[in-house]
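Take a look at the letters that make up each chain.
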Amino acid sequence: MDTLIPYDSLSPEALDTILGDIVSRDGTDYGDYDLSAAQKRDQALQVLKKGEAVLLFDTESETIKMILKDALSNYDLM
């Protein structure tokens, strides 16, 4: 089962580290232009703040992922 992690419950340092890990993973696509790691983290944070995405702790892989809020129904949540 996966667990929702409210992004605003994390310290700024922890959130920055988690977002840095997420945006640096293979398969993360930002289109036809290159962004710096800081720009990618800022974009991810804005999506979280707008409520368009959430952070999930995946208990199987023991990693945190960011998914669009519309996709929550596809996950077995605690």
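Computed from a predicted model, the values in this text were never measured in an experiment.

Engineer: Got a sec to walk through the packing of helix H1 (residues 12–24) against helix H2 (residues 37–49)? Specific residues and values, please.
Structural biologist: Look at H1 against H2: their axes get within 9 Å of each other, and the N-to-C directions meet at 110°. The angle between H1 and H2 falls in the class roughly perpendicular. Packed against H1, whose contacting residues are Leu15, Asp16, Leu19, Gly20 and Val23, the element H2 presents Ala37, Lys40, Arg41, Ala44, Leu45 and Leu48 at the interface. For the contact of H1 with H2, a count of residues per class yields 7 nonpolar, 1 polar and 3 charged.

Engineer: Could you give an account of the pairing of strand S3 (residues 63–68), with specific residues and numbers?
Structural biologist: Looking down a regular strand, the side chains alternate between one sheet face and the other. Pairing of strand S2 (residues 53–58) with S3, which is carried by 6 bridges, proceeds in the antiparallel orientation. Paired with Phe57 across the two strands is Ile64, which belongs to S3. Connecting S2 to the next strand, S3, in antiparallel fashion are 4 residues, including Glu62 with a positive phi near 55°.

Engineer: Tell me what's going on with the pattern of salt bridges, and back it up with residues and numbers.
Structural biologist: Taken as a whole and assessed by the stated rule, the structure comprises 3 salt bridges. Here Arg41 and Asp16 are joined by a salt bridge, their closest N and O atoms 2.9 Å apart. Of the two residues, Arg41 sits in helix H2 while Asp16 sits in helix H1, which places them 25 residues apart along the sequence. Arg41 sits in the partly exposed class, given a relative accessible area of 22%.

Engineer: Account for H1, naming residues and giving values.
Structural biologist: Residues spaced three or four apart along an α-helix face the same direction, because each turn holds 3.6 residues. Between the first and last C-alpha of H1 there are 18 Å, a value that for 13 residues agrees with the 18 Å anticipated at 1.5 Å per step. Turning to H1, its buried residues are Leu15, Ile18, Leu19, Gly20, Ile22 and Val23. Contact partners of the buried residues in H1: H2, S2 and S3.

Engineer: For the nonpolar core, give the residues involved together with the corresponding values.
Structural biologist: With 12 residues, the main nonpolar core is built from Ile5, Leu15, Ile18, Leu19, Ile22, Val23, Ala44, Leu45, Leu48, Ala53, Leu55 and Ile64. Those elements that provide at least two residues to this core are H1, H2 and S2. By residue number, the principal contributor to this core is H1, which donates 5 residues. Sequence-distant contacts of Ala53, defined by excluding residues within four places in its chain, comprise Val47, Leu48, Met66, Ile67, Leu68 and Lys69.

What counts and how
Residue positions are given per chain, counted from 1 along the sequence in the order it is written. Local features are withheld for residues below a pLDDT of 70 in this predicted model, meaning they are given only at 70 or higher, and side-chain atom pairs are given and counted only at 80 or more; totals for whole chains, interfaces and linings count all residues. Excluding hydrogens and water, the side-chain values take into account all heavy atoms of the structure. Axes, fitted as lines to C-alpha atoms, cover a helix only where it is in contact. Angles between the N-to-C directions of the axes lie from 0 to 180 degrees. Comment: elements are numbered from the N terminus, with helices defined as DSSP H or I runs of at least four residues and strands as E runs of at least two. Note on angle classes: values under 35 degrees are labelled roughly parallel, values over 145 roughly antiparallel, values of 65 to 115 roughly perpendicular, and the remainder oblique. When checking whether two residues touch, look at their non-hydrogen atoms; a contact exists if any pair is within 4.5 Å. Ten residues, namely Ala, Val, Leu, Ile, Met, Phe, Trp, Tyr, Cys and Pro, are considered nonpolar, four, namely Asp, Glu, Lys and Arg, are considered charged, and the remaining ones, Gly among them, are considered polar. Pairing between two strands requires that DSSP report at least two bridges joining them. By convention in these notes, a salt bridge is any Lys or Arg side-chain nitrogen within 4 Å of a carboxyl oxygen on Asp or Glu. Partly exposed describes any residue whose relative accessible area lies between the buried limit of under 20% and the exposed limit of over 50%, with all areas from a 1.4 Å probe on protein chains only and scaled to the type maximum. To estimate the expected span of a helix, subtract one from its residue number and multiply by 1.5 Å. Each nonpolar core is a collection of buried residues, namely Ala, Val, Leu, Ile, Met, Phe, Trp, Tyr and Cys, held together in the definition by side-chain atoms within 4.5 Å.

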